[in-house]
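# Descriptive analysis of the structure
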Amino acid sequence: MHRSRNGSWPALLCLAALALGACKTDGGVEKSERNTAVAAPSNSAPSGAPPVTCSGEADKAKPVARAAGRKLYCAIDLGSKNAKLQVISIEPGRPLSFEDERVCKSPLGFGAKVFDQKTATKGPLPASDIANLVTVVQEFERICAVDEGTLVGADATQWARDATNIAEVVAAVKAGAAIDIEVLSAEEEGLYGYLAATRGASGRLSLDPGSNSFQLGWFEKGDTKPRTVSLPFGYVRAAAEHYSVSAPASYDAARAAHATQLIGMIDKALGALDPPSSIKSLRTAIADGRLEPVIFIAGQDGALHLAMRALLRTPEGRWIDTKEAYEARVGNEKPTAHPRFGAVTTLLTPPEFDRFFATVVKPGDYAALRQKPVRDLYGEKTLANAVLVDTLIDQLGITTVVLVPQETPAGFILGKIGER
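Presented here is an overview of the structure given in this document. (Residues numbered from 1 in each chain as written. Predicted model: local features only at pLDDT ≥ 70, side-chain atom pairs only at ≥ 80, totals over all residues. Heavy atoms only, no water.)

## Examining the sheet that holds strand β11 (residues 227–231)
Strand order in this open sheet of six strands is β11-β10-β9-β12-β16-β15, and the pairing throughout is mixed. On the outer flanks of this sheet lie β11 and β15 (346–348), each paired with one strand and no other. Direction aside, neighbouring strands of the sheet carry axes that sit 20 degrees apart on average. (Pairing = 2+ DSSP bridges. Helix = DSSP H or I, 4+ residues; strand = E, 2+ residues; numbered from the N terminus. Axes fitted to C-alpha atoms, helices over the stretch in contact; angles between N-to-C directions.)

## Thoughts on the sheet that holds strand β7 (residues 150–156)
The strand order across the open sheet formed by six strands is β1-β4-β3-β2-β7-β8, and the pairing between neighbours is mixed. Single-partner strands in this sheet number two, and they are β1 (53–55) and β8 (181–183). Strand-to-strand twist of the sheet, defined as the mean angle between neighbouring strand axes without regard to direction, takes the value 30 degrees. Direction of pairing for strand β2 (residues 71–78) relative to β7: parallel, over a ladder of five bridges. Its bridge partner lying in β7, Y73 is registered against T150. The sheet strands contacting helix α3 (residues 127–146) are β1, β2, β3 (83–91), β4 (94–106), β7 and β8, and the helix crosses β3 at an angle near 20 degrees. Across the sheet, helix α15 (residues 408–417) lies against β2, β3, β4, β7 and β8, angled at about 55 degrees from β3, the strand it touches most. (Contact = heavy atoms within 4.5 Å.)

## What to know about the pattern of salt bridges
Counted under the stated rule, the structure contains 27 salt bridges. We note a salt bridge from E139 to R142, for which the minimum N-O separation is 2.8 Å. Linking E139 with R142, this pair stays in helix α3, spanning three residues, or about one helical turn. A residue is classified by how much of its surface remains accessible, and E139, at 4% relative accessible area, is buried. The exposure class assigned to R142 is partly exposed, which follows from its relative accessible area of 25%. Across the salt bridge formed by R318 and D321, the nearest N and O atoms sit 3.6 Å from each other. With a relative accessible area of 35%, D321 lands in the partly exposed category. The network of salt bridges with shared partners includes K60, E139 and R142. (Salt bridge = Lys/Arg side-chain N within 4 Å of Asp/Glu carboxyl O. Buried < 20%, exposed > 50% of the residue type's maximum accessible area, 1.4 Å probe, protein only.)

## Digging into the nonpolar core
By size, the foremost hydrophobic cluster in this structure holds 57 residues, and its most contacted members are Y243, Y251, Y378 and V401. Element by element, the count of residues in this core is highest for helix α14 (residues 374–396), at twelve residues. Beyond its immediate sequence surroundings of up to four residues, V401 is in contact with I295, I297, T346, L347, L348, F353, V389 and I393. By size, the runner-up hydrophobic cluster in this structure holds 36 residues, among which are V87, W159, A177 and I179. (Core = buried A, V, L, I, M, F, W, Y, C linked by side-chain atoms within 4.5 Å.)

## Some words on the state of the cysteines
Counting across every chain of the model gives two disulfides. One disulfide bridge connects C54 with C104, the sulfur atoms lying 2.0 Å from each other. Looking down the S-S bond of the C54 and C104 bridge, the torsion is 105 degrees, so its handedness is right-handed. Taken together, the residues C54 in strand β1 and C104 in strand β4 connect sequence positions 50 residues apart. (Disulfide = S-S within 2.5 Å.)

## What to know about the packing of helix α7 (residues 235–242) against α14
Interhelical geometry of α7 versus α14 gives an angle of 80 degrees and a closest axis separation of 9 Å. Between α7 and α14, the interaxial angle falls into the category roughly perpendicular. Note on element contacts: α14 touches α7 through R375, E380, K381, A384 and N385, opposite Y235, V236, A238, A239 and A240. For the contact of α7 with α14, the per-class residue count stands at six nonpolar, one polar and three charged. (Parallel < 35°, antiparallel > 145°, perpendicular 65-115°, else oblique. Nonpolar A, V, L, I, M, F, W, Y, C, P; charged D, E, K, R; others polar.)

## Description of the side chain of S230
Relative to the helices and strands, S230 resides in strand β11. Here the side chain of S230 touches Q215 through a polar contact of 2.8 Å, side chain to side chain. Discounting chain neighbours no more than four positions away, the residues touching S230 are R161, A186, S213, F214 and Q215. (Polar contact = N/O pair within 3.5 Å; in protein donor to acceptor, adjacent residues only side chain to side chain.)

## Considerations on unusual backbone geometry
In terms of backbone geometry, most residues other than glycine have negative phi values and most peptide bonds are trans. Each neighbour pair has its own omega, and for D274 with P275 the value is 0 degrees, a cis peptide bond. Its place among the elements puts P275 in the loop between α8 (251–271) and α9 (279–287). Following K372, the chain continues to P373 via a peptide bond in cis, the omega torsion being 0 degrees. One non-glycine residue, A310, lies in the positive phi region at around 60 degrees. With respect to the helices and strands, the residue A310 is situated in the loop between α10 (304–308) and α11 (323–331).

Read these as layout, nothing more, since geometry by itself doesn't imply function.
Quick look at the structure:
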């Protein structure tokens, strides 16, 4: 395809309340939130469940080191591919001062277990996976307690909207871990993603590119709150449809079909809003200055730039194909301060996407990215999300892509403390 520091919203503490309920700002702690002492978590994997690994502070039995006077908050995000615990610190009275302290993940992979991509049918989460979920949530609770954080809640995303036995899942977690899972609506997921990615600033766009769904958010200058759309076509589903091992050998052909499908899906979702919107109207808002030509991408896709810049290769030129090497390389990426955008992982520009499509993904590379184990580590994410972002660049006139370290649970935390 060819392409022809705003001020933060002053009412951030009430942002989620505009969509979800009344705003309360007394700073109290709800009964469902706990920071009571429990047994310290082990650094070994929970029995029967995928391992929990942490970044920031990798030792799960060691509390994070925070600056004096900062309060710690935790949130559990149960995504379609990974369950995550995020711990952030906030200077009291200044929610936009939040900093990431620790992120822990477990690859539960529920999205593929409750939604059959080939038949587009939904199903129940198996009992063994429910048991694993309870175990992982208990582990997350222990880590938050070690950090002496306030656990504000647990959310679940697209997989939970698909699971036919979600009430059973919620009840099991409540019984086993004493916490209520909030199954987010598509609107809520998009709202929290916008809060995390942009810290609530107006005039910006956000993208939360999940495995089973993605959310696009925007907040036009002069509006009272962000607007969002969510599409159940995240990178796992997109890769299964367009970038399988049996797909056409040409990445150009596959991505052209993917981009065409994305344009139709996004425009349809925008048109279903009240009042309706469209790709054209968003592009006009950017041209008129009501939106910056900048899109912020939440941290769970922070490795996109590494693949696009061919930095996920071994010294011999092969794509990294072990989980340990991949996580070590991603772990080397540290946020830096940007004068306009705050803490960023990196910035990407449209020419870099053009170079990626033209020079990085040669036929041999395309084959490698579609094959296990590279595919599962980052290949499908790279192939699908590069096209998603490039399509938005092309359709909206985006000039800068900002990858930020904060993840969606940070927005969930901001939304929750903003309801008080």
